[in-house]
Structures are given as structure tokens and as C-alpha cells.
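Below are the chains, spelled out letter by letter.
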Amino acid sequence: MALPATARAAALCRIAACASASTGGRRERELPFSLSERGMVVGGHRGMGMNAVGAPPGARVNAVRERENTLLSFGRAAEHAAVAFVEFDVQVTKDGCPIIFHDDFILAQENETVNEKRVTDLLLEEFLSYGPQKDSRKISKPLLRRTNDGRVLNWSTKEDDSLCTLQDVFECVSPHLGFNIELKFDDDIIYQRRQLDCALQAVLQVAFRYASSRPIFFSTFQPDAARIMRELQSLYPVLFLTEGGTAKHNDSRRNSLDEAIRVCLEYDLHGIVSEVRGVFKNPSTVLRAKESNLALLTYGQLNNVWEAVYVQYLMGVNGVIVDLVEEISNAVADFSKQNLNQSLRGSGVGLVGAKHQAFSQQQLGFLLRLIPELIQQPH
């Protein structure tokens, strides 16, 4: 049962214009979701899902048809009323234009050789010359992609579309669809304050001009970028992305959920977006986030398994970012429908109470013990 677009917009990113008002020397944090209206929100990962180039045959993520991070993919996600927002990656070109692209480097085959360039070293015109071209008179550069194991493969999709800018996305995608704008920075670069300022201000310039009433929140793995974005503006929520202890980084702020909560409180951020395995390994994080008035969302391959999403629903996780957009968004809508039916049957338990009483603590513990097995399964 999908929510209408108006309810979807209401459920996402309730922003107070007075978010900058001082309370005890600190600004109030407005959570990016109206949790009373919707227990869990669903976001489309890079639109209708990421392109799993090099995934083994039969992997469920191969079901994604559209090229990720394109107007086609975002538009398809907007057609699903149960999808509250799309997550996408923003980088800034050398000439200061925010564009939508995930990888740090862009690869293409030219004259039988693989040409690899850092995205942020490109001018906008060169960036847009990769992949399918809107102008049929222009010659496109077929895209390649480097897999995690180092292979360079053709980046082909069943349905293709051109690369695009942040302005394109604001202007062309339904205004009812929320945006989770991930501020993308290279893990291997130590950024100076002026570099972060320049990139973030370029993004904000587009957002302030074109967002209108669209629900928006920012997220980033770069803790200094999160802090600066919060300092630069108070209109849109800023969430901290973390792998939740499933990977190690030189920056200790990125290495655990405990650190993520500390970063949010110190920098006055609005919440956390964690790799889902980190939350399952540390389920007490959900309660600690709530006690700290922090939103908690998750991402990761396990979010393509509806049973794993249901466990998070019961735990009280606020939202999930998924690749199998239609399947998981419909499943989450059904969770809510089932709980509403329980309430309407006069069980004496309200909607929130029904949610948390769906499983006993013993049953929930059993499900959490199954999570390591789910993690090992191909998705």
C-alpha cells in the first residue's frame, strides 16, 4: 500500500526555518523526517539502485535496469509513491559545477586504450562528453568501470541515459521526491578548509536557487565537510555517513557508531546513515540515537533483503536506502499496513505499540542471530 505523493512529501524532511534559533548556546536540531506520520522511510540508492558492474550472474542487484545517478533512474523512482527520496552523489567539477557521479575516477576507452581521469579535475563540458549524448551529432565516450577487485569492465545497462548536473536533477525530477544529496569526497585526499568551502558553497548555491519546497538533506562520509555544511547553513539537515565499524580508516571519527554519535553531537548534526551491518552488530545504537535526538538510517546490500529491513523496522530504524526499490518500498508499505490493521481491529495497542510488539524480545534476538547468515548470502 503506497502513500500518495503529498503524504510522502510530508513524511520527509520537516524543516523548521527557525533551526538556527539558539537554545542553551546551541542550535536546535530538526530531524529530517516526520516520524509520527511514517515509521520508516525508503530511499532509492542512486535512483532505482546502483549498477553492480562485475556482479556474479544471478545476483539480485543485477535486476537494476537503469543507469544509476541519471534523470531516467530518478524519474522511475519518483513513480513509486512509497519511495520518499533518492540518494545520489554530488561532486564539483574543476570549473565549479556540481554534477552527479559516484566514482572518484571516470574511465572510458579511447583509441583502444583505457583513459582514466579524476572527476573533479574535469571541466563540465568534458564530464558531459562521457556516456550517451543528448545531441545525436556528438560522439559519446563509452563508459568503463573499475570493480572492487581491480578489473576494468564495460559499464553497460539495459536502459541508458546521459550524465547530468545537480541543476538538471532539481529542474527535471518531480518536486514531490525528496533528495538525499551525498557530498562526495575522495578518501585518499586530505582536504584543506578552503577546498571544502568551495565545493560545499557551489552545491548550496544550486540548492538555494532551485530546491523550492522540495525535501532535502545532506550526508557525507567526510566529517569536516559535515561540520562545515552545518556551519554554512541551517535550512537543510546534515547527516553523517559511516560504515559503522565494518571498515577501518585513518580518521578515527569514521571507525565506529560510537564515534559517529559523538561526531553528530559535537558538530550539531541531525543524524547518522550507517552501513546496516554496523547497526546489526550494535543494535543498542538505535536507542542511543533516539535518546540523542538523532535520526538513524542505513544503507548496504543487506537492505535488499526484506526480512533484514523488517528487523530494522521493529528495532525503530528511521529509514533504509535500497537498490531493489520497488520490492523493498512495497514491503515497507505492507509493514505499516499490517500494523494499522492490527490497531483497527481493536487490539488495544496503538500503531507504535503494535510495531514493537510484533515480535517478543526472544524472537527479535533470534532474528538478530540470523543476521550473520544473511550477510553471507549473495544479494
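Rules used in this analysis
Residues numbered from 1 in each chain as written. Predicted model: local features only at pLDDT ≥ 70, side-chain atom pairs only at ≥ 80, totals over all residues. Heavy atoms only, no water. Helix = DSSP H or I, 4+ residues; strand = E, 2+ residues; numbered from the N terminus. Buried < 20%, exposed > 50% of the residue type's maximum accessible area, 1.4 Å probe, protein only. Contact = heavy atoms within 4.5 Å. Areas by Shrake-Rupley, 256 points an atom, 1.4 Å probe, with all protein chains shown as cover. 1 Å grid on protein atoms, 1.4 Å probe; cavity = no way out; pocket = protein on both sides within 12 Å on 5 of 7 lines; lining within 4 Å. Points joined across faces, edges and corners; volume = space filled by probe spheres on them. Nonpolar A, V, L, I, M, F, W, Y, C, P; charged D, E, K, R; others polar. pLDDT = per-residue confidence, 0-100. Core = buried A, V, L, I, M, F, W, Y, C linked by side-chain atoms within 4.5 Å.

## Here we look at the overall build of the chain
Each helix and strand counted, the chain has 13 helices and 16 strands in total. Looking at the chain as a whole, 52% of its 379 residues qualify as buried. In the chain, of all internal contacts separated by at least 6 residues, the share reaching a separation of at least 24 is 67%. Accessible surface, the chain as shown: approximately 17200 Å² in total, 50% of it carbon and sulfur.

## Comments concerning empty space enclosed by the protein
The tally for this structure, following the rule as stated, stands at one cavity of 30 Å³ or more. One number sums up the size of the largest cavity: a volume of about 40 Å³. In terms of lining, the largest cavity is formed by Arg67, Glu68, Asn69, Ile100, Phe101, His102, Trp155 and Leu163. Looking at the lining of the largest cavity residue by residue, the classes come out as four nonpolar, two polar and two charged.

## Notes on the confidence of the model for the chain
Residues at a pLDDT of 70 or more form 79% of the chain, whose mean pLDDT is 84. Note that pLDDT drops below 50 for residues 1–27; the model gives that stretch 67 contacts with residues more than four away or on any other chain.

## Description of the nonpolar core
Among soluble globular proteins, nonpolar side chains are generally buried collectively. Core analysis: the largest hydrophobic core is formed by 73 residues, its most contacted members being Phe88, Leu166, Phe170, Phe179, Ile181 and Phe218. By residue number, the principal contributor to this core is helix 5 (residues 193–210), which donates eight residues. For Ile181, the residues in contact, after removing those within four places along its chain, are Phe88, Val90, Leu166, Phe170, Ile216, Phe217, Phe218 and Ser219. Membership of the second largest hydrophobic core comes to 13 residues, among which are Val53, Ile99, Val119 and Tyr130.

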